[in-house]
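# Architecture and fold: a report
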Amino acid sequence: FVTEFEDAILDGSIDCAVHSAKDMPMELADGLSVACVLPRADVRDVLITKKGTNLTAMERAIIGTGSLRRQTQIVKMYPNAVCKSLRGNVPTRLKKLEDGEYDGIILAAAGLARLHLDREEAYDYTYLNITDMVPAGGQAIIAVEARLSEVDSFWKHITDEKAELELKTERFILNKMGAGCHEAVGVLAEVTANAMLQIRLMKEWDGTIYRNEVSGMAAEWKSLAGQAVQQLY
């Protein structure tokens with residue numbers, strides 16, 4: 001469906017498309033660009049279980065997620081976890097948990113909050129820390145795709161510069177690694193105090209998870225991104 005939106009922008013049927021940034025392809029169609037980035041929401045992933053469920057007490061806990069990135073990291077946190085593919089929109093996924101198809105499911109905190117489904121009394125929410133569960137590149141960011149010729153118009157007046165730099169860094173790293181959404185790769189760039197940038201990166205390779213963290217001045221984002229990839233293994 002991303003291609004259909006891009007075709008519509010290029011032929012003038014629509015002026016822009018609003019995306020979850022983590023779902024955007026690494027290569028946009030010629031003539032198009034990320035025109036605007038909104039402030040980033042909570043980047044964490046959330047493990048959701050029915051109220052009172054104790055996953056660690058189970059001999060075998062069925063965890064629902066279709067993401068290789070999440071699968072790879074969750075089995076390190078819960079050695080008894082067995083991952084099972086999970087599809088559908090957020091309410092559909094929660095219904096599958098309620099129906100007992102899974103003992104737990106993993107969803108993005110940002111999506112739950114935007115749908116006001118992050119405080120349901122029927123569930124327990126375990127927010128996974130970004131060290132053990134490195135998010136997907138672009139997670140929790142809403143991005144607007146528009147014609148390249150219009151990028152410097154009013155879009156720049158509403159873009160969030162902090163989130164824009166974080167997304168630019170993450171997409172640069174994923175492109176450098178040749179990583180798509182079907183690989184076990186996580187990357188998070190965070191602009192912190194004093195214009196500093198911290199990058200967390202993880203990749204699974206032959207059953208081993210490799211992790212790396214680098215930090216430095218945000219102005220040197222491209223150099224830091226290169227270091228993060230180079231020092232990963």
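It should be noted that the structure appears before, not after, this text.
Below is a summary of the structure that appears in this document. (Residues numbered from 1 in each chain as written. Predicted model: local features only at pLDDT ≥ 70, side-chain atom pairs only at ≥ 80, totals over all residues. Heavy atoms only, no water.)

### Here we look at the pattern of salt bridges
Basically, it comes down to this: We define a salt bridge as a side-chain nitrogen of Lys or Arg found within 4 Å of a carboxyl oxygen belonging to Asp or Glu. Only DSSP runs of H or I with at least four residues qualify as helices, and only runs of E with at least two residues qualify as strands; both kinds are numbered from the N terminus onward. For each residue, the accessible area found with a 1.4 Å probe, counting protein chains only, is set against the maximum for its type, and the residue is called buried under 20%, exposed over 50%, and partly exposed in between.
Applying the stated criterion to the full structure yields 14 salt bridges. Residue E183 pairs with K203 through a salt bridge whose shortest N-O separation is 3.5 Å. Of the two residues, E183 is situated in the loop between α6 (161–177) and β9 (185–192) and K203 in strand β10 (residues 196–205); the sequence distance between them amounts to 20 residues. In this structure E183 comes out as partly exposed when scored by relative accessible area, which is 29%. Look at K203 and you get buried, because its relative accessible area is 9%. Several salt bridges share partner residues, and in doing so they unite R40, K162, E166 and E170 into one network.

### Details of unusual backbone geometry
For A195, which is not glycine, the phi torsion reads 55 degrees and is therefore positive. Checked against the element boundaries, A195 lands in the loop between β9 and β10. The exposure class assigned to A195 is partly exposed, which follows from its relative accessible area of 43%. A positive phi angle, close to 50 degrees, is found at D206, a residue other than glycine. With respect to the helices and strands, the residue D206 is situated in the loop between β10 and β11 (208–217).

### Re the nonpolar core
We count it as follows: Definition used in this section: a nonpolar core is a set of buried Ala, Val, Leu, Ile, Met, Phe, Trp, Tyr and Cys residues joined via side-chain atoms within 4.5 Å. In what follows, residue pairs with any heavy atoms lying within 4.5 Å of each other are defined as contacts.
I173, M177, V185, V187, L197, I199 and L201 are the most contacted members of the largest nonpolar core, which totals 20 residues. When residues of this core are traced back to their parent elements, those giving at least two are α6, β9, β10 and α7 (221–230). With five residues, the top contributor of residues to this core is α7. Discounting residues that sit within four places of it in the chain, L201 has contacts with I173, M177, V185, G186, V187, Y210, R211, N212, A228, V229 and L232. The next biggest cluster of nonpolar side chains, apart from the first, holds 15 residues, and it includes I48, L94, Y102 and I105.

### Thoughts on the sheet that holds β10
Let me state the cut-off plainly: Each pair of strands is called paired provided DSSP finds at least two bridges between the two strands. Geometry is summarised by axes, namely lines fitted to C-alpha atoms with helices restricted to the contacting stretch, and by angles between N-to-C directions that run from 0 to 180 degrees.
Spatial ordering of the open sheet is given by β9-β10-β11, a layout of three strands whose pairing is antiparallel. The open sheet is flanked by β9 and β11, the only strands paired with a single partner. Ignoring which end each strand starts from, the neighbouring axes of this sheet average 10 degrees apart. Looking at chain direction, β9 and β10 are connected through eight bridges and run antiparallel. For A189, the partnering residue across the bridge sits in β10 and is I199. Together, β10 and β11 form the strand contacts of α7, whose direction differs from that of β11 by roughly 155 degrees.

### Describing the packing of aromatic side chains
What counts, and what does not: Planes of paired rings set the category: under 30 degrees apart is stacked, over 60 is edge-to-face and the rest tilted, where pairs are Phe, Tyr or Trp rings (Trp by its six-membered ring) whose centres lie within 6.5 Å. Any Lys NZ or Arg CZ found within 6 Å of a ring centre and within 35 degrees of that ring's normal is scored as a charge over the ring.
Scanning all chains against the criterion turns up two aromatic pairs. Between the aromatic rings of Y123 and Y125, the centroid separation amounts to 6.4 Å while the plane-to-plane angle is 90 degrees, which identifies the pairing as edge-to-face. On the basis of relative accessibility, which here comes to 18%, the residue Y125 falls in the buried class. Positioned above the aromatic ring of Y102, the side-chain terminus of K84 is 5.0 Å from the ring centre.

### Overview of the pairing of strand β5 (residues 81–84)
Quick note on the threshold: If the strands point away from the viewer and the path from the first strand over the helix to the second runs clockwise, then the crossover is right-handed.
Here strand β4 (residues 61–64) runs beside β5; their pairing, made up of four bridges, is parallel. For A61, the partnering residue across the bridge sits in β5 and is A81. With helix α2 (residues 68–77) bridging β4 and its parallel neighbour β5, the resulting β-α-β unit is right-handed.

### Details of helix α3 (residues 90–98)
Which entries qualify depends on this criterion: Here the arc refers to the directions that run from the helix axis out to each C-beta atom.
Among the residues making up α3, those that are buried are V90, R93, L94 and L97. End-on, the buried residues of α3 take up no more than an arc of 100 degrees, which puts them together on one face. Contacts made by the buried residues of α3 are with β3 (45–50), β6 (104–108), α4 (109–114) and β7 (123–127). Of the residues flanking the end of α3, it is G100, one or two places downstream, whose phi is positive at about 85 degrees.

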